[in-house]
Every structure is written in structure tokens, then in C-alpha cells.
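Structure at a glance
Spelled out, the chains give:
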Amino acid sequence: GGVQHRSLTDMDWGALLATGSMDGSVCLHDPRDLRKFAAVFNTHTPGHTQVRCNRLNTALVASAHMGTVYVWDLRGGRKPLAT
């Protein structure tokens with residue numbers, strides 16, 4: 001189902017709703033079907049996670065508690081393009 005198991009720490013709207021969680025997960029939600037995630041990414045760093053969608057292209061950016069920044073291409077792939 002579409003449930004993050006720790007407190008949400010941030011959210012941002014792009015084409016989809018992106019949420020960051022205390023467990024280091026970054027989830028994309030399609031507002032047309034909130035029963036499941038559109039995609040799930042992981043920073044592998046528990047703690048406060050911030051997320052930003054780029055409205056001009058398909059990039060999703062997340063920063064984790066330890067200062068690492070992750071960039072994903074939303075067209076495919078679960079591994080970040082850059083850290």
C-alpha cells in the first residue's frame with residue numbers, strides 16, 4: 001500500500017507529489033490513485049529528508065540528514081543519477 005512508516009519530513013509538488021520521511025525513503029504519489037506509490041526511492045540515511053521536484057524536467061532531488069544530496073531521473077531507474 002501507499003504508506004510511509006515514519007513521520008513525513010517534507011513534501012513537494014511536481015507532476016506528482018513527492019514526500020520525504022524520517023526513515024530516509026522518498027515516495028512519489030499520483031494524486032489520481034493514492035492507494036499505492038507511483039515510485040519509491042531510498043536515501044539509505046535515516047533522519048530528516050527534504051525533497052524537491054523540478055517542474056521543468058524529470059529530476060527529483062532529495063537531501064538527507066547527513067548532508068548527502070541525491071538526484072533521480074523520474075523516467076526510470078531506482079538508483080540515483082548522482083549523489
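These figures come from a predicted structure and were not determined experimentally.

1. Considering the pairing of strand β5 (residues 50–53)
- Side chains V51 and C53 project from β5 onto a buried face, and the interleaved Q50 and R52 project onto a face without burial.
- Note: β5 against strand β6 (residues 59–63), four bridges, orientation antiparallel. Within β6, the position partnered with Q50 by the bridge is S63.
- Counted between consecutive antiparallel strands, the loop separating β5 from β6 contains five residues.

2. Points about the sheet that holds strand β7 (residues 69–73)
- Across the sheet, three strands lie side by side as β5-β6-β7; this open sheet has antiparallel pairing. Only two strands of the sheet have a single neighbouring strand rather than two, namely β5 and β7. The average angle at which neighbouring strand axes cross in this sheet is 20 degrees, direction not considered.
- In this structure, β6 lies alongside β7, joined through five bridges in antiparallel fashion. Its bridge partner being in β7, A62 is matched across the sheet by Y70.

3. Section: the environment of D10
- Tracing the backbone through its elements, the reader meets D10 in strand β1 (residues 8–13).
- Look at D10 and you get buried, because its relative accessible area is 16%.
- Separated by 19 residues in sequence, D10 and H29 place their C-alpha atoms 13 Å apart.
- Among residues more than four places away in sequence, those in contact with D10 are A18, T19, G20, T49, Q50, V51 and R52.
- Of the polar contacts made by the side chain of D10, one reaches the backbone nitrogen of V51; its length is 3.0 Å.
- At a separation of 2.6 Å, a polar atom in the side chain of D10 contacts the side chain of R52.

4. Details of the pattern of salt bridges
- Summed over all chains, the structure comprises four salt bridges.
- As a salt-bridge pair, R32 and D30 come within 2.6 Å of each other at their nearest N and O atoms.
- Here D73 makes a salt bridge to R75, at a shortest N to O gap of 2.5 Å.
- For D73, a relative accessible area of 16% translates into the label buried.

Rules used throughout
Residues numbered from 1 in each chain as written. Predicted model: local features only at pLDDT ≥ 70, side-chain atom pairs only at ≥ 80, totals over all residues. Heavy atoms only, no water. Buried < 20%, exposed > 50% of the residue type's maximum accessible area, 1.4 Å probe, protein only. Helix = DSSP H or I, 4+ residues; strand = E, 2+ residues; numbered from the N terminus. Pairing = 2+ DSSP bridges. Axes fitted to C-alpha atoms, helices over the stretch in contact; angles between N-to-C directions. Contact = heavy atoms within 4.5 Å. Polar contact = N/O pair within 3.5 Å; in protein donor to acceptor, adjacent residues only side chain to side chain. Salt bridge = Lys/Arg side-chain N within 4 Å of Asp/Glu carboxyl O.

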